[in-house]
Amino acid sequence: MMPVLLTALGVGGATVIGAFFGFIFKNLSHKFSDIVLSFAAGVMLAAAIIGLILPALEGGDAVNFVVVIAGIFAGAVFLNLLDKFVPHLHKIAGIGEEKHTAETERIDKILLFVMAIAIHNLPEGIAAGVGMGGEDIAGGITVAGGIALQNIPEGMVIIGPMLAAGMSKGRTFICALMTGVVEVIGTFIGYFAVNISAALLPFALAFAGGTMLYVISDEMIPETHAHGSERGATFALLIGFCVMLVTDFFLG
């Protein structure tokens, strides 16, 4: 139980660490943000494949293979439906916009922003918990590490829009903290779900992997390629992917 607790705190705490950096470096360039986020995307890509999808396929038959494929698409469809009700983070945050709205609109925007981050963080926490619920602890650590690393730049970029909207530093930090708490809750949900029924493990691992692949392809890569840093972002993704390959090799 202690490894799961530490995983939950690590995954959720990474957002808070990122928020601290966000307070220190308020005006990060798009290029720097894109490079860091692309590196995190590469880490998450490797974590999804090595720590979730491949373990779901181990020791299975043709039926298990179909279950894993179904789980991947189920995870992607789940987040796709989620995005229809909760807009993308960068659209809600108004990142890059210089115009300021009226006070009431600012408050509404902040509430939507925090809610969107929390909802999007829940599947990531579940993915970390599912990874730790399997027999491959090294793979679970890989997944949790990938998600935690991705949460640091996310925590950095959410601070600026909230401060620009007129929110105090204290309330901004509390909002960032709450988004991390949601991820902690998600970690325990994922862990206990797969431990209640071991038969759910292959589907749950694949589902979590599908959600991560969806986030990488639908949100992270497009965001990092939208500001003229495509080449650097691509190589940063490859570096992140290879770093996780090396890490998994030594952990395994």
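For the structure itself, look to the data block above.
Residues numbered from 1 in each chain as written. Predicted model: local features only at pLDDT ≥ 70, side-chain atom pairs only at ≥ 80, totals over all residues. Heavy atoms only, no water.

### What to know about the packing of helix α2 (residues 30-57) against helix α3 (residues 62-85)
Closest axis-to-axis distance for the α2/α3 pair is 8 Å, and the angle between their directions is 150°. Between α2 and α3, the crossing angle belongs to the class labelled roughly antiparallel. For the pair α2 and α3, contact is made by I53, A56 and L57 and by N64, F65, V68 and I72, respectively. For the contact of α2 with α3, the class distribution of residues is six nonpolar, one polar and no charged. (Axes fitted to C-alpha atoms, helices over the stretch in contact; angles between N-to-C directions. Helix = DSSP H or I, 4+ residues; strand = E, 2+ residues; numbered from the N terminus. Parallel < 35°, antiparallel > 145°, perpendicular 65-115°, else oblique. Contact = heavy atoms within 4.5 Å. Nonpolar A, V, L, I, M, F, W, Y, C, P; charged D, E, K, R; others polar.)

### A word on helix α8 (residues 201-224)
With 24 residues, α8 should cover 34 Å at 1.5 Å per step; its first-to-last C-alpha distance of 33 Å lies within 8% of that length. Counting buried residues in α8 gives 17 out of 24 residues, a clear majority hidden from the surface. (Expected span 1.5 Å × (residues − 1). Buried < 20%, exposed > 50% of the residue type's maximum accessible area, 1.4 Å probe, protein only.)

### Brief notes about the environment of D34
Turning to its location among the elements, D34 is positioned in helix α2. As a C-alpha pair, D34 and A236 span 202 residues in sequence and 8.9 Å in three-dimensional space. Leaving out residues up to four positions away in the same chain, D34 has contacts with E223, T224, H227, S229 and A233. Side-chain polar atoms of D34 contact the side chain of H227, separated by 3.1 Å. (Polar contact = N/O pair within 3.5 Å; in protein donor to acceptor, adjacent residues only side chain to side chain.)

### Points about the nonpolar core
I147, M212 and M220 are the most contacted members of the largest nonpolar core, which totals 32 residues. Those elements that place two or more of their residues in this core are α2, α3, α5 (103-133), α6 (137-164) and α8. Sorting elements by how many residues they give to this core places α8 first, with 10 residues. Aside from chain neighbours lying at most four places away, what touches I147 is V11, M44, E124, A127, A128, E183 and M212. (Core = buried A, V, L, I, M, F, W, Y, C linked by side-chain atoms within 4.5 Å.)

### Description of a nonpolar patch on the surface
Together, L122, I174, L177, M178, V181, I185 and I189 make up an exposed nonpolar region whose accessible area comes to about 550 Å². In terms of residues, the nonpolar patch owes the most to one element, helix α7 (residues 169-196), which gives six residues. Tracing the backbone through its elements, the reader meets I189 in helix α7. (Patch = residues over 30% accessible without salt bridge, like charges linked within 9 Å, V, L, I, M, F, W, Y side chains within 5 Å. Areas by Shrake-Rupley, 256 points an atom, 1.4 Å probe, with all protein chains shown as cover. Salt bridge = Lys/Arg side-chain N within 4 Å of Asp/Glu carboxyl O.)

### Concerning the packing of aromatic side chains
How two aromatic rings sit relative to each other is given by the distance of their centres and the angle of their planes. By the definition in use, this model includes five aromatic pairs. Consider the rings of F188 and F192, whose centres lie 6.3 Å apart with planes at 20°: the pair is stacked. Pair noted here: F188 and F192 are both in helix α7, with a separation of four residues, about one helical turn. The exposure class of F192 is partly exposed, given its relative accessible area of 39%. Counting every residue linked through ring pairs, the aromatic cluster contains F78, F203 and F207. (Phe/Tyr/Trp six-rings, centres within 6.5 Å; stacked < 30°, edge-to-face > 60°.)

### Some words on the environment of M220
With respect to the helices and strands, the residue M220 is situated in helix α8. Sequence separation between M220 and A41 is 179 residues, and the spatial gap between their C-alpha atoms is 6.5 Å. Ignoring sequence-local partners within four residues, the contact set of M220 consists of L37, A40, A41, M44, Q150 and V215.

### Structural notes on the environment of I152
Tracing the sequence through the fold places I152 in helix α6. Here I152 falls in the partly exposed class, since its relative accessible area comes to 24%. As for I152 and G13, which are separated by 139 residues in sequence, their C-alpha atoms are 8.9 Å apart. If near-sequence neighbours (up to four positions away) are discounted, I152 is found in contact with A14, G18 and F21.

### What to know about the side chain of T172
Locating T172 in the fold gives a position in helix α7. Residues within four places of T172 in sequence aside, it is in contact with F23, I159, M162, L163 and M167.

### Looking at α2
The α-helix winds at 3.6 residues per turn, so residues separated by three or four positions along the chain end up facing the same way. For α2, built from 28 residues, the straight-helix expectation of 40 Å at 1.5 Å per residue is met to within 8% by its first-to-last C-alpha distance of 38 Å. Helix geometry: α2 is bent most strongly at I49, by close to 25°. Just downstream of α2, G59 is the residue with a positive phi angle, here 70°. (Bend = angle between axes of the 7 residues up to and from the residue.)

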